[in-house]
Amino acid sequence: MTTSTGPTVVGFPRRTPEEPLPLSQYAGHREQNGLVVSHLPNGVPVWLVTRHEDVRAVLTHPKISANPDNEGFPNVGETMGVPKQDQIPGWFVGLDSPEHDRFRKVLIPEFTVRRVRELRPAIERTVDERIDAMLAGGDHADLISDFALPVPSLVISSLLGVPPADRDFFESRTRTLVAIRTSTDEERATATRELLRYINRLIAIKEKWPGDDLISRLLATGQLTSVELSGVLLLLLIAGHETTANNIGLGVVTLLTNPQWIGNERLVEELLRLHSVADMVALRVAVDDVEIAGQLIRKGEGIVPLLAAANHDTEVFGCPHAFNPDRSERRHVAFGYGVHQCLGQNLVRVEMEIAYRKLFERIPTLELAVPMDELAFKYDGILFGLHELPVRW
């Protein structure tokens, strides 16, 4: 990967316990002319994109693809036991237009602001039930395993129409999928197969006895086959689980250390920008020669747009490392940008808002049970978050 402009070569991004927030090296990358070259853990060179303007350009360029089947697509981390895309029809996040648009068009009505507003009472019940369980267990808890992980799993299971009697199974298999540190590749693959079998059975039931749930409504459109629908549902489950849980956990830590902002109506957007948990998720590859930020990217070269770097770009966000919900800048890319922007972002926002409000209203004495420097941040996956969050009250 060489060009006439002589791009700077840098190390591949890696968080460490000393620097859990977006890496300070990103600022240095943004100061370089054009883009910078790095290497994946397997030695393959890729382009790192760190400026806000350039990240948005990459994520909307018609000659840049999100399809991992294209030659040169960067593979940076764990698959969480999920089979390859060609083994799951409906895994539309890795498709380009127009194939991607067909799936998204069917799903958009299920995640509008209006539809998510209708889900608020059910989300509030779920959050209250998890808080009830924590309080019943004593005066301390692991906020990740006892609250942040179960909430999004239970919300999506309710949305799909999973019977209450099956929700423990559903939540346990989902938890295995995201437990990179404690579950093996084989265990995650098994959990994926079990979830797919369950989803397929649920689809068959809804075909015969439809109800007021997402599966029944998607079946009624006639736009997706049963096989495609099973892949879509697995994607929604995985994409909306760990990311939401990570945001909830990190947000609680930030609010416990900045209590003056508890209750601020803008805190969710600022937390999304600040932590940017999906920093390296929006991977891309050039399917033709293309120029970004004055740099020629050849066909087949991998591209890693760094969302956290874009969300901490000082040209767009003043004092970006400061947590300031009252800031005027509102152009973060925590959910991506363009046609692949996170479909469930409205749901994530509501889950976060309700989680914080309920927690601090019902447990006003909530506090960290260990010093900040002892928290178990995630440094071993492509999503940033916490493995554990010991709290007490």
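None of these values were measured; they are calculated from a predicted model. (Residues numbered from 1 in each chain as written. Predicted model: local features only at pLDDT ≥ 70, side-chain atom pairs only at ≥ 80, totals over all residues. Heavy atoms only, no water.)

Peer 1: Break down the overall build of the protein for me, with residues and values.
Peer 2: Within the protein, the secondary structure is distributed over 13 helices and 13 strands. The globule rule puts the C-alpha radius of gyration for 393 residues at 21 Å, and the 21 Å found for the protein is close to it. A principal-axis box enclosing the C-alpha atoms of the protein has dimensions of 65 × 50 × 40 Å. The buried share among the 393 residues of the protein stands at 53%. When the accessible surface of the protein is totalled, it reaches about 17,400 Å², and 51% of it is carbon and sulfur. Looking at charge distribution, the protein has the averaged site of its 41 positive side-chain charges lying 5 Å from that of its 53 negative ones. (Helix = DSSP H or I, 4+ residues; strand = E, 2+ residues; numbered from the N terminus. Rg over C-alpha atoms; globule rule 2.2 N^0.38 Å. Buried < 20%, exposed > 50% of the residue type's maximum accessible area, 1.4 Å probe, protein only. Areas by Shrake-Rupley, 256 points an atom, 1.4 Å probe, with all protein chains shown as cover. Lys, Arg positive; Asp, Glu negative; His and termini not counted. Charge placed at Lys NZ, Arg CZ, Asp CG, Glu CD.)

Peer 1: Can you tell me about empty space enclosed by the protein, naming the residues and giving the values?
Peer 2: On inspection of all chains with the given rule, the structure shows 2 cavities of 30 Å³ or more. In this model, the largest cavity occupies a volume close to 50 Å³. Forming the boundary of the largest cavity are E269, E270, R273, F317, R327, E329, R330, R331 and H332. Looking at the lining of the largest cavity residue by residue, the class counts come to 1 nonpolar, 1 polar and 7 charged. Considering only enclosed or pocket space, the second largest cavity measures out at about 40 Å³ in volume. In terms of lining residues, the second largest cavity is bounded by H29, G34, L35, V36, L48, V49, T50, R51 and D54. In terms of residue class, the lining of the second largest cavity is built from 4 nonpolar, 3 polar and 2 charged. (1 Å grid on protein atoms, 1.4 Å probe; cavity = no way out; pocket = protein on both sides within 12 Å on 5 of 7 lines; lining within 4 Å. Points joined across faces, edges and corners; volume = space filled by probe spheres on them. Nonpolar A, V, L, I, M, F, W, Y, C, P; charged D, E, K, R; others polar.)

Peer 1: How would you explain the pattern of salt bridges if you had to name every residue and give the values?
Peer 2: Evaluation of the coordinates by the stated rule reveals 22 salt bridges. Residue D132 is joined to R362 by a salt bridge in which the shortest nitrogen-to-oxygen separation is 2.5 Å. Of the two residues, D132 is situated in helix α4 (residues 113–136) and R362 in helix α13 (residues 345–362); the sequence distance between them amounts to 230 residues. Take D132: its relative accessible area is 40%, and that puts it in the partly exposed class. On the basis of relative accessibility, which here comes to 32%, the residue R362 falls in the partly exposed class. Of the charged contacts in the structure, one is a salt bridge between E367 and R392, with a shortest N-O distance of 2.7 Å. Of this pair, E367 sits in strand β10 (residues 367–368) while R392 sits in strand β13 (residues 390–392), and the two are 25 residues apart along the sequence. (Salt bridge = Lys/Arg side-chain N within 4 Å of Asp/Glu carboxyl O.)

Bear in mind that shape data such as this cannot, by itself, settle questions of function.
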